[in-house]
Amino acid sequence: MGTFACRCGYIIRDNDYPCPLTGQLKWQTETESESEERNSDVKDFLAALENESDKDWVKNYFAGRYFELYPDQITIGDVIEDIASRASNKDGRCVYRCPECERIYIQREFYTDDWTCYEKVE
Ligand SMILES: [Zn+2]
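Residues numbered from 1 in each chain as written. Predicted model: local features only at pLDDT ≥ 70, side-chain atom pairs only at ≥ 80, totals over all residues.

**Student:** An account of the overall build of the chain is needed here, citing residue identities and associated values.
**Tutor:** Across its full length, the chain carries three helices and six strands. Reading the chain from its N terminus to its C terminus gives the helix and strand order β-β-β-α-α-α-β-β-β. Rg of the C-alpha trace for the chain: 19 Å, well past the compact-globule value of 14 Å for 122 residues, more than 25% over. When burial is assessed residue by residue, the chain has 7% of its 122 residues classed as buried. Considering only contacts in the chain between residues 6 or more positions apart, those separated by 24 or more positions represent 46%. (Helix = DSSP H or I, 4+ residues; strand = E, 2+ residues; numbered from the N terminus. Rg over C-alpha atoms; globule rule 2.2 N^0.38 Å. Buried ≥ 20, exposed ≤ 12 C-beta atoms within 10 Å, placed from the backbone. Contact = placed C-beta atoms within 7 Å.)

**Student:** Explain the environment of Glu36 to me, and be specific about the residues and the numbers.
**Tutor:** As for its position among the elements, Glu36 is in helix H1 (residues 28-50). Through-space distance from the C-alpha of Glu36 to that of Ala87 is 9.2 Å; in sequence the pair is 51 residues apart.

**Student:** Could you give an account of H1, naming the residues involved and the relevant values?
**Tutor:** Residues lying three or four places apart along an α-helix face the same way, a consequence of the helix completing one turn every 3.6 residues. With 23 residues, H1 extends 33 Å between its outermost C-alpha atoms, agreeing within 8% with the 33 Å of an ideal straight helix rising 1.5 Å per residue. Immediately beyond the C-terminal end of H1, within one or two residues, lies Glu52, with a positive phi of roughly 60°. (Expected span 1.5 Å × (residues − 1).)

**Student:** Describe the nonpolar core, with residues and values.
**Tutor:** Inside soluble globular proteins, nonpolar side chains tend to come together where they are buried. Counting five residues, the largest nonpolar core consists of Trp57, Val58, Val79, Ile83 and Ala87. For this core, the elements supplying multiple residues, two or more each, are helix H2 (54-61) and helix H3 (76-88). With three residues, H3 is the largest single contributor of residues to this core. In this structure, Ala87 is in contact with Glu34, Glu37 and Arg38, ignoring residues within four places of it in sequence. (Core = buried A, V, L, I, M, F, W, Y, C linked by C-beta atoms within 7 Å.)

**Student:** Outline H3, supporting the account with residue identities and numerical values.
**Tutor:** If you check H3, its first and last C-alpha atoms are 19 Å apart, about what 13 residues at 1.5 Å a residue would give, namely 18 Å. Among the residues of H3, those classed as buried are Val79, Ile83 and Ala87. Buried residues of H3 fall within an arc of 70° about the axis and therefore sit on the same side. Turned more than 90 degrees away from the buried face of H3, the exposed residues are Gly77, Glu81 and Ser85. Buried-residue contacts for H3 involve H1 and H2. (Arc of directions from axis to C-beta.)

**Student:** Give me the sheet that holds strand E5 (residues 104-107): which residues, what numbers.
**Tutor:** Overall, antiparallel pairing links the four strands, which are arranged E3-E4-E5-E6 in an open sheet. In this open sheet, the two edge strands, each paired with only one partner strand, are strand E3 (22-25) and strand E6 (115-118). Each neighbouring strand pair of the sheet contributes to a mean axis angle of 25°, computed without reference to strand direction. Bridge count for E5 against E6 is four bridges, and the pairing is antiparallel. In the sheet register, Gln107 faces E6, and the bridge partner there is Trp115. (Pairing = 2+ DSSP bridges. Axes fitted to C-alpha atoms, helices over the stretch in contact; angles between N-to-C directions.)

Below, the structure is given as structure tokens:
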């Protein structure tokens, strides 16, 4: 995102990854569907490897020219990591925490700029 302005005036900068002030919130329904999708896609890929149709599988699954690098520069391990990464980036919402006032901001929907602010109660 770049920067996020807290109501107290503190500017949260998340240019560097991983950022200790930024996270992701997922409900169990989302982590469960993510897990099912990831496991199913990994099983499909492993079946394609057994059938020696893995190059076609990679071409159909990933966007862009990713498949041109497989399997010479992109390994089987890379494909499995990228399947997992794709599933984990599908749902959830971003969370920011302000180190000054301890407010927490939770994105209402993934890929939007609509936030709910929670303040610490003493
Ligand atoms: Zn703040």
